[in-house]
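Results of the structural survey
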Amino acid sequence: MTDLPERLPRGLQYELNQDNDGLAEPQFSFDTLAVRAGHTPTHEAEHSEPIFLTSSFVYGSAAEAAQVFGGEKTGNIYSRFTNPTVRIFEQRLAALEGGERCVATASGMAAILSVAMAYLAAGDHVVCSRAVFGTTTALFDKYMRKFGVSTTFVDLTDLAQWKDAIKDGKTKLFFCETPSNPLSQVADLKALATLAHEHDILLAVDNCFCTPALQQPLKFGADLIIHSATKYLDGQGRALGGAVVGSAKLLEEVFLVTRTLGPSMSPFNAWVFLKGLETLRLRMEAHSASALKLALWLEAHPAVKQVYYSGLPSHAGHELAKNQQRAFGGIVSFEVKGDTPEQSRAAAWQVIDSTKMLSITGNLGDTKTTITHPATTTHGRLSAEAKQLAGVTEGLIRIAVGLEDIEDIQQDLARGLNALVG
Ligand SMILES: *Cc1c(COP(=O)(O)O)cnc(C)c1O
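Source: prediction; values computed, not measured. (Residues numbered from 1 in each chain as written. Predicted model: local features only at pLDDT ≥ 70, side-chain atom pairs only at ≥ 80, totals over all residues. Heavy atoms only, no water.)

Look at helix α11 (residues 280–299) against helix α15 (residues 406–420): their axes get within 10 Å of each other, and the N-to-C directions meet at 30 degrees. As summarised for this structure, α11 and α15 are arranged roughly parallel, according to the angle between their axes. Seen from above, α11 lies across α15 with right-handed handedness. For the pair α11 and α15, the contacting residues are S290, K293, L294, W297 and L298 in the first and I406, I409, Q410, L413, A414 and L417 in the second. Tallied by class, residues from the contact of α11 with α15 come to eight nonpolar, two polar and one charged. (Axes fitted to C-alpha atoms, helices over the stretch in contact; angles between N-to-C directions. Helix = DSSP H or I, 4+ residues; strand = E, 2+ residues; numbered from the N terminus. Parallel < 35°, antiparallel > 145°, perpendicular 65-115°, else oblique. Left-handed = near helix turned anticlockwise from the far one by under 90°. Contact = heavy atoms within 4.5 Å. Nonpolar A, V, L, I, M, F, W, Y, C, P; charged D, E, K, R; others polar.)

Rendered as structure tokens:
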């Protein structure tokens, strides 16, 4: 072992404040926590966070192993349970969301599944907003149903529908995503949390689109935060991961699920996401600034029928978004003009196919701008009726604005749009 330097560079240990109803009040600001929370250098005095690629951990004696396995002494056992690199990511994300604890998972879907396994049992009922990630719909509607859990899907912004859907004593979970994909609808989180808590229901919010850099749903009363780390937390399209954040008490149940059922995060991926968190706020502000410019430009283009972006004063959720979010995020959707669904699809595909730089892909949250036709890709498996309810028309195009120069992004889109108006 090397001799230790006299003054080890110190990491910020994330202080829990357990008496504040699941909310934690870190003593440092967001930007400081994003860079330093969770990491205390090991005996090697490393500056950057280490990657512990190990599946198990060793003990000094049989007695010590017995103590750790028996829970009398804290220590790592196996990376399905805990891993030092994953723990740094968990502590840092918990700090950024203002939650007491985080459990990292193998993907965003694994995070949602872990919450369902932790809190739902046969006979229970879920109310979920209709405008959620398509696979989330399948998780509740197809797979949880197999285990006797039913789900009612409601309009994200219509509180009366949430209220009417509650089955007293049976409804255990409200689940929503805000802003929604692809229309950027905004939920009133305070109102949803109040309604949920009046009926002993947990409110889970998928915070994928805003990330804690723009929105901290726990502060509005949400109980559980879901993340697909695959998107903006990584921010560079490299790795799959997810997380759940909330109070220490609620998260203990989620932890027991991941350590037993196994949808745990890989240490290597945790390290990728950790480095992503360090630049998260800077990236989210840059994505948001470019998205707003693009939305304003699209709104003025004669080939565009409507733009969906909560940063636009014309958007129904604009005021609410201003109160809940620090900025409006990087996802802009718009509809091109067309007299029939067939013409609208042809026009949308023409705009997509006329781009030379934008990436035609369903993913989002990358430095590279992506362009998608939701009706035939991300939302392609929805029934015609479900598409209509979700506002996914044939003329709709979704852009996840990246970090390229905004003028270049506009020029790439202008080629197809200008051709539509001759
Ligand atoms: C991608 C996504 C998910 C699922 O995450 P994976 O990491 O792909 O499993 C969940 N919610 C939202 C809003 C997403 O965009």
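There's more to say after this.
Moving on, we come to the pairing of strand β3 (residues 150–154). Bridge count between strand β2 (residues 125–129) and β3: five bridges; the pairing is parallel. Residue V127 lies in a different strand from β3, and its bridge partner there is T152. Each parallel crossover has a hand, and the one from β2 via helix α5 (residues 134–146) to β3 is right-handed. (Pairing = 2+ DSSP bridges. Right-handed = clockwise from strand over helix to strand, strands pointing away.)

Here we take up the environment of R398. Relative to the helices and strands, R398 resides in strand β12 (residues 396–400). The exposure class assigned to R398 is buried, which follows from its relative accessible area of 1%. Taking C-alpha positions, R398 is 22 Å from L240, a pair spaced 158 residues apart along the chain. Side-chain polar atoms of R398 contact the side chain of N181, separated by 3.1 Å. At 2.9 Å, the side chain of R398 and the backbone oxygen of G362 are in polar contact. (Buried < 20%, exposed > 50% of the residue type's maximum accessible area, 1.4 Å probe, protein only. Polar contact = N/O pair within 3.5 Å; in protein donor to acceptor, adjacent residues only side chain to side chain.)

The strand order across the open sheet formed by five strands is β8-β9-β12-β11-β10, and the pairing between neighbours is mixed. The open sheet has two edge strands with one neighbour each: β8 (304–308) and β10 (359–360). Here two bridges tie β10 to strand β11 (residues 370–372), and the two strands are oriented parallel to one another. Within the sheet, the bridge partner assigned to S359 lies in β11 and is T370.

Another aspect to go through is empty space enclosed by the protein. Enumeration according to the criterion identifies two cavities of 30 Å³ or more in this entry. Of the pockets and cavities examined, the largest cavity occupies roughly 50 Å³. Every residue along the wall of the largest cavity is listed here: P179, S180, P182, S184, F209, F328, G329, G330 and I331. Residue composition of the lining of the largest cavity, by class: five nonpolar, four polar and no charged. (1 Å grid on protein atoms, 1.4 Å probe; cavity = no way out; pocket = protein on both sides within 12 Å on 5 of 7 lines; lining within 4 Å. Points joined across faces, edges and corners; volume = space filled by probe spheres on them.)

Take the site of the ligand next. Near the ligand lie 13 residues; those nearest to it are G108, M109, D206, T230 and K231. At a separation of 2.6 Å, a nitrogen atom of the ligand approaches a polar side-chain atom of D206. Between the ligand and K231, the relevant distance is 2.6 Å, taken from an oxygen atom to a side-chain nitrogen or oxygen of the residue. Here the residues of the shell around the ligand sort into five nonpolar, five polar and three charged. (Near = heavy atom within 4 Å.)

Moving on, we get to the nonpolar core. Counting residues in each nonpolar core, the largest one holds 57 residues, and the members touching the most others are F89, L93, W162, F174 and L203. If one sorts the elements of this core by residue count, helix α3 (residues 84–97) sits on top with seven residues. Counting the residues that make up this core, at least three belong to each of domain 1 (16–277) and domain 2 (280–420). (Core = buried A, V, L, I, M, F, W, Y, C linked by side-chain atoms within 4.5 Å. Domains from an automatic or database assignment.)

Below, the discussion takes up the pattern of salt bridges. Opposite charge on two side chains permits pairing when their charged atoms draw close. Going through the model one piece at a time under the given rule, you end up with 15 salt bridges. With a closest N to O distance of 2.8 Å, R92 and E49 form a salt bridge. Here R92, found in helix α3, pairs with E49, found in the loop between α1 (30–36) and α2 (62–69); they are 43 residues apart in sequence, far enough to count as distant. A relative accessible area of 0% places R92 in the buried class. Relative accessible area serves as the criterion here: at 7%, E49 is assigned to the buried category. Between R345 and E394 there is a salt bridge whose closest N-O contact spans 2.7 Å. Of this pair, R345 sits in helix α13 (residues 341–354) while E394 sits in the loop between α14 (384–390) and β12; the two residues are 49 residues apart in sequence, bridging distant segments of the chain. The exposure class assigned to R345 is partly exposed, which follows from its relative accessible area of 31%. Put simply, E49, R92, K275 and E278 are held in one network by salt bridges that share partners. (Salt bridge = Lys/Arg side-chain N within 4 Å of Asp/Glu carboxyl O.)

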